Amino acid sequence: MGYSPMQLAEAFIQAGELRDALAALDQQLDIQADDQIHRLRAAVLLRLGDADSLQMALTALDQIANPTQADHIQRSVILEQSGDLAGALRVLEALSPEDERRAERRVRLLTEIGDFDHALKEIRHQPRSWRWLQWEGDVLVQLGDDRMATARYGLALAQLEARHDPAVDRYLRPAWARLLLARAHAYRRLDEIDSAAEHYAAAEQLIPDDPALPFYEGLLLAQQGDLDGALALCRTAWQRAPEALRTEMQHELNSDSRYQPLMQQISS
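Since we're looking at a predicted model, the values are computed, not measured.

Quick word on the confidence of the model for the chain
Then, number 1: In this model, the chain carries a mean pLDDT of 92, and residues with pLDDT of at least 70 account for 98%.
Then, number 2: Model confidence for the chain, summarised as mean pLDDT per element, is weakest for helix H16 (residues 260-267) at 82 and strongest for helix H9 (residues 130-142) at 97.

And the structure:
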């Protein structure tokens, strides 16, 4: 007994053969057109990600007779990937303001377009969970309020520490480390060296192999005038870092005149 086009599509998706999956879904549509097939087709086209595929994904969503909240969220994602951030935001207006997925996408899009004031307003209507407190800290950083950001990150960390153990809840380690790093960066920008060092050290306990940590510790030494110690740490971190991380490091080096001697020697 042969496989149906739908079974083949599911197998191709599992194997990452997206073009073959799309062809099988097209065959299935010739047999039976329903909302679930159109949804799956849109998802495959989104994963393909080129401009034509994204336009076809929107067309696939148009064929859904009874769109759900998730379908509207998917349309917003596709429009964002297409570069239409305003359109991605407009889609969300049709959704219930109580939907947390809508709120998170709205905040993400508002921050992408640089509308941090409205992003902050949206965040402050959400539950005071550690994830939303982290979002608030991130937006406050963008608004230049590192002092208030450290407070929000601190509340988020306190919630995590009260409810979870990183030795047990290993899946939370990356998020935990990200919060510690974000708070450390804010303290570093405030020139509160001891607090920054404490948070970098705590993050290192969770992600000991992260090549960026010695780099940030080197920046702290540079702020204290120890350029030789800073160069030793930063140069080693630079050499170990992948290209994307080097771009982030270069941005940090260009953010403070005290780091300029490091930039000159690392890049020479």
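Quick notes on the nonpolar core
Then, number 1: Grouped together as the largest cluster of nonpolar side chains are 84 residues, with contacts concentrated most on Tyr200, Phe215, Leu219, Leu253 and Leu262.
Then, number 2: The element that contributes the greatest number of residues to this core is helix H11 (residues 173-189), accounting for 9 residues.
Then, number 3: If we ignore the near neighbours within four places in the chain, the residues touching Tyr200 are Leu181, Ala184, His185, Arg188, Leu213, Tyr216, Glu217 and Leu220.

Brief notes about the packing of helix H8 (residues 116-123) against H9
Then, number 1: Contact pair H8 / H9: the axes reach a minimum separation of 10 Å and the direction vectors enclose 160 degrees. When the axis of H8 is compared with that of H9, the two are roughly antiparallel. The two elements H8 and H9 meet at a crossing, and its hand is left-handed. In this structure, H8 uses Phe116, Ala119, Leu120 and Ile123 to contact H9, whose residues at the interface are Trp132, Trp135, Glu136, Val139, Leu140 and Gln142.
Then, number 2: Residue composition of the contact of H8 with H9, by class: 8 nonpolar, 1 polar and 1 charged.

Let's talk about the environment of Leu110
Then, number 1: Inspection of the secondary structure puts Leu110 in helix H7 (residues 100-112).
Then, number 2: Sequence separation between Leu110 and Glu122 is 12 residues; the distance between their C-alpha atoms is 9.5 Å.
Then, number 3: Those residues within four positions of Leu110 in sequence are excluded, and the remaining contacts are Leu89, Asp115, His118 and Ala119.

How each quantity is defined
Residues numbered from 1 in each chain as written. Predicted model: local features only at pLDDT ≥ 70, side-chain atom pairs only at ≥ 80, totals over all residues. Heavy atoms only, no water. pLDDT = per-residue confidence, 0-100. Helix = DSSP H or I, 4+ residues; strand = E, 2+ residues; numbered from the N terminus. Core = buried A, V, L, I, M, F, W, Y, C linked by side-chain atoms within 4.5 Å. Buried < 20%, exposed > 50% of the residue type's maximum accessible area, 1.4 Å probe, protein only. Contact = heavy atoms within 4.5 Å. Axes fitted to C-alpha atoms, helices over the stretch in contact; angles between N-to-C directions. Parallel < 35°, antiparallel > 145°, perpendicular 65-115°, else oblique. Left-handed = near helix turned anticlockwise from the far one by under 90°. Nonpolar A, V, L, I, M, F, W, Y, C, P; charged D, E, K, R; others polar.

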